[in-house]
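Observations on chain architecture
Here is how the chains run, residue by residue.
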Amino acid sequence: MSKNNKVFIASSLDKIFPNSNNVFELSELSMLKNEKKAFQVVFDAERGEEISFEIESSLSEFLNFSYVKLIRGGFTASKNADDYYIEPHEYYPDLLMPVQNSFIAQEQGFNCVWVQISGDMLPAGRHTVCVKSCKGECLIIINIIDAKLPEQELIYTNWVHTDCLMSIYGFEAFSDEYWHTTEEFLRRARQYGMNCVLTPLFTPPLDTKVGGERPTVQLVDVQIIGKNEYSFHFDKLDKWIEMCERCNIQYFEMSHLFTQWGARHAPKIVAEKNGVTKQIFGWKTFAGGRKYRLFIEQFSKALIDYIDKKGIRDRCFLHVSDEPAASMKRAYGRAAKLVEENFPGFTVLDALSSFDFYKNAMIKTPIPAIDHIEPFIGNVPELWAYYCSAQDSKYVSNRLFAMPCERNRVLGLQLYKFRVKGFLHWGYNFYYTQYSKAVINPFETADAGGKFQSGDSFIVYPGDDGRPLDSLRLHVFYDAFQDMRALQLLESKIGYKKTLAIVEEGLEKPITFSEYPHDARWLENVRERVNQAIAENA
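With 17 residues, helix H11 (residues 520-536) extends 25 Å from end C-alpha to end C-alpha; this agrees with the ideal 24 Å at 1.5 Å per step. What H11 keeps buried is the set Ala520, Arg521, Trp522, Leu523, Glu524, Val526, Arg527, Val530, Asn531, Ala533 and Ile534.

Structure below.
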């Protein structure tokens, strides 16, 4: 579509800049009765101009509107990045600011309103959504299929950093504001697919400078009752679990029991003795030493007893250490053995991309990065996957600012094809610089102080009222999960092979985590074919 149009409708898969050319105009889309789907209304406007719009549609009560705000990119692509990126810009469309029926244009040229359709039971049939404004009129046909997506089977965890919330909003750990804001962020995460939560038994030893520390968010109260003897209290953990269950979060991913990148030290752990709280373990603690081993032996018994009384054993996962390198095999193996011995029967999982580690039976549920996942496919009973800033080449999926939206969303097809059970991402709301040295303002700095490509470290923004603000990437990423669920629904009707054949129809090469068409329209057409097949096999 040429820029001569003053108002038109575009796909949610197009990142639209003020000076974009030849934007694809969307005229129709289909969805199931309990999906969230979005499209964009694009207005060509003067900066500072007030734009009002009206909607005429039988779906009006199911529509929500957000202004798509551009955020400074900063560091957006590493030296190793492949060529599947948007052309470089200083600012990228990302933040979704809720609006009603008007907005002030912040850009000279194209300004976008993100329109989301959502409901638990949308009315089946063909519906017109007509947008009327001073810039003209445009419309789109929404075809709602008389079927519902099944419940999400994929276990998805996106690490929520409560200390970042404390630093941004200025409240103390476990204050009323802490619990309120954390619940708001968790509730939004659940609405967009997250059903497993990183649970800080102790302050998570993640992205922390060696010798440094992050604010204490330890949920388990520890008391020293004798030499190398401890008692444990779970009141805060109780409150955490109750909060998560209110948000319909089903799984609990217990925080790592050893430091990141090799398991050489204990996490920061504080304890009380004679009414005084002090740090008893941390960077100075040798992870393989007797003192920490005795602590783990006592802690594991108390935690297992607590978990079993809560009846959540089958919904709990344990961690050893995040992303151990091959050079750290000995330390990691020792730590993994300690966890295995003290938590028999529990699922232990870690971000771990070395197939050699897995072959040596260090843990039974590795989580490889998607650019290292190939040897794990077919060789791991329950396959998980993850990505982070390092996955910016080999054409693998990611949700960075400078990547096209289809590279974000294609993950759903890949997770479906390879029967992936769980997906992990480390940055739901990491508002620090690398190694947690300083707090950032995510509205101004999206690249963790120039260290992580923008879009890696957070997917929601901190709203003024303690509620998260969505990113465009959050919605597109959730579309990947909806695609996966739609494929599972179709599979229940026609089987896996026929479903996959519909996905890969017309392709010269089958889909892998690196091989797929680099084309938003192809991805939309796949989903339209799937929806048509669901309707035909109702």
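Throughout the structure, instances matching the rule amount to 31 salt bridges. Among the ionic pairs, Lys268 bridges to Glu213, the shortest N-O distance being 3.1 Å. Taken together, the positions of Lys268 in the loop between strand E15 (251-254) and strand E16 (269-273) and Glu213 in the loop between strand E12 (196-199) and strand E13 (221-226) put the pair 55 residues apart, joining distant regions of the chain. Judged by relative accessible area, Lys268 falls into the buried class, the value being 9%. Judged by its relative accessible area of 52%, Glu213 is exposed. Bridged by salt links that share partners, the residues Glu35, Lys37, Arg409, Asp479, Asp483 and Arg527 form one connected network.

Right, let's get into unusual backbone geometry. In this structure, Asn248 is a non-glycine residue whose phi angle is positive, near 65°. On the secondary structure map, Asn248 appears in the loop between helix H3 (235-246) and E15. Positive phi values are uncommon outside glycine, yet Ser436 reaches one of about 55°. By the element assignment, Ser436 lies in the loop between strand E22 (422-425) and strand E23 (460-462). Residue classification places Ser436 among the buried positions, given a relative accessible area of 13%.

Mapped onto the elements of the fold, Arg190 is located in helix H2 (residues 176-191). No salt bridge is formed by the buried Arg190; the nearest opposite charge belongs to Glu151, separated by 4.9 Å. Once you skip the residues sitting within four places of it in the chain, Arg190 turns out to touch Asn195, Cys247, Asn248, Ile249 and Gln250.

Analysis parameters
- Residues numbered from 1 in each chain as written.
- Predicted model: local features only at pLDDT ≥ 70, side-chain atom pairs only at ≥ 80, totals over all residues.
- Heavy atoms only, no water.
- Helix = DSSP H or I, 4+ residues; strand = E, 2+ residues; numbered from the N terminus.
- Expected span 1.5 Å × (residues − 1).
- Buried < 20%, exposed > 50% of the residue type's maximum accessible area, 1.4 Å probe, protein only.
- Salt bridge = Lys/Arg side-chain N within 4 Å of Asp/Glu carboxyl O.
- Lys, Arg positive; Asp, Glu negative; His and termini not counted.
- Contact = heavy atoms within 4.5 Å.

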